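What the coordinates show
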Amino acid sequence: MRLRRAEYPVPVLCRVEVSVWPHNNFQRFIRRIEVTERSGVASHRTALSMADPVLLPCPADLGWLLAGTEVQVIDDRIHEFSQLWLVRPCSEEEALPPVHWGLLSKFIPTP
């Protein structure tokens, strides 16, 4: 399924962390990227995660394009969903400029 631009989720101001997931059912080390949100004074919760992220070629001033898979268990079966994230560094004080979808669209892979 491919989303229309109007269906894109609202940007989230969060922390992005890349780590290795050594203990998993795939019997290999898996790189994992997590988006964590502040959920209290000193704690964070994982809002999104993606396995085996790959940094796609894209001009740095547009952001980082990350492709990978999201793994979910639904009805006792493992399902993998392809994900494409646009990550743009910012601070809490500054507002993000609008996304230049026309420039970015030529770097988004199509199935």
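As shown above, the structure is provided for reference.
Fair warning: this is a prediction, and the values are worked out from it, not measured in the lab.

**As for the overall build of the chain**
Broken down by element type, the chain carries one helix and five strands. Listing the helices and strands of the chain from first to last along the sequence gives β-β-β-β-β-α. If one aligns the C-alpha atoms of the chain with their principal axes, the spans along those axes are about 40 × 40 × 25 Å. Within the chain, the fraction of its 111 residues that count as buried is 19%. In the chain, the proportion of contacts linking residues at least 24 apart, taken out of those at least 6 apart, comes to 26%. Looking at the chain as shown, the accessible area adds up to about 8,800 Å², and 55% of this sits on carbon and sulfur atoms.

**Brief notes about the side chain of Glu 34**
Along the chain, Glu 34 turns up in strand β2 (residues 30-38). Residue Glu 34 is classed as buried on the basis of its relative accessible area, which comes to 15%. Polar contacts involving the side chain of Glu 34 include one to the side chain of Arg 32, which spans 3.4 Å. Leave out the neighbours within four places in its chain, and Glu 34 touches Arg 15, Val 16, Glu 17, Thr 46, Leu 48 and Ser 49.

**Thoughts on the sheet that holds strand β5 (residues 77-87)**
Strand order in this open sheet of five strands is β1-β2-β3-β4-β5, and the pairing throughout is antiparallel. Either end of the sheet is taken by a strand with one partner, and the two such strands are β1 (15-21) and β5. On average, each strand axis in the sheet is inclined to that of its neighbour by 40°, with strand direction left out of account.

**Notes on the pattern of salt bridges**
All chains considered together, the criterion is met by one salt bridge. In this structure, Glu 34 engages Arg 32 in a salt bridge whose closest nitrogen and oxygen atoms are separated by 3.4 Å. Looking at Arg 32, the relative accessible area reads 22%, which means it is partly exposed.

**Describing unusual backbone geometry**
Phi is positive for Asp 52, close to 50°, though the residue is something other than glycine. Along the chain, Asp 52 turns up in strand β3 (residues 44-56). Although it is not a glycine, Asp 75 sits at a positive phi angle of roughly 55°. Examined against the element boundaries, Asp 75 turns out to sit in the loop between β4 (64-74) and β5.

Thresholds applied
- Residues numbered from 1 in each chain as written.
- Predicted model: local features only at pLDDT ≥ 70, side-chain atom pairs only at ≥ 80, totals over all residues.
- Heavy atoms only, no water.
- Helix = DSSP H or I, 4+ residues; strand = E, 2+ residues; numbered from the N terminus.
- Buried < 20%, exposed > 50% of the residue type's maximum accessible area, 1.4 Å probe, protein only.
- Contact = heavy atoms within 4.5 Å.
- Areas by Shrake-Rupley, 256 points an atom, 1.4 Å probe, with all protein chains shown as cover.
- Polar contact = N/O pair within 3.5 Å; in protein donor to acceptor, adjacent residues only side chain to side chain.
- Pairing = 2+ DSSP bridges.
- Axes fitted to C-alpha atoms, helices over the stretch in contact; angles between N-to-C directions.
- Salt bridge = Lys/Arg side-chain N within 4 Å of Asp/Glu carboxyl O.

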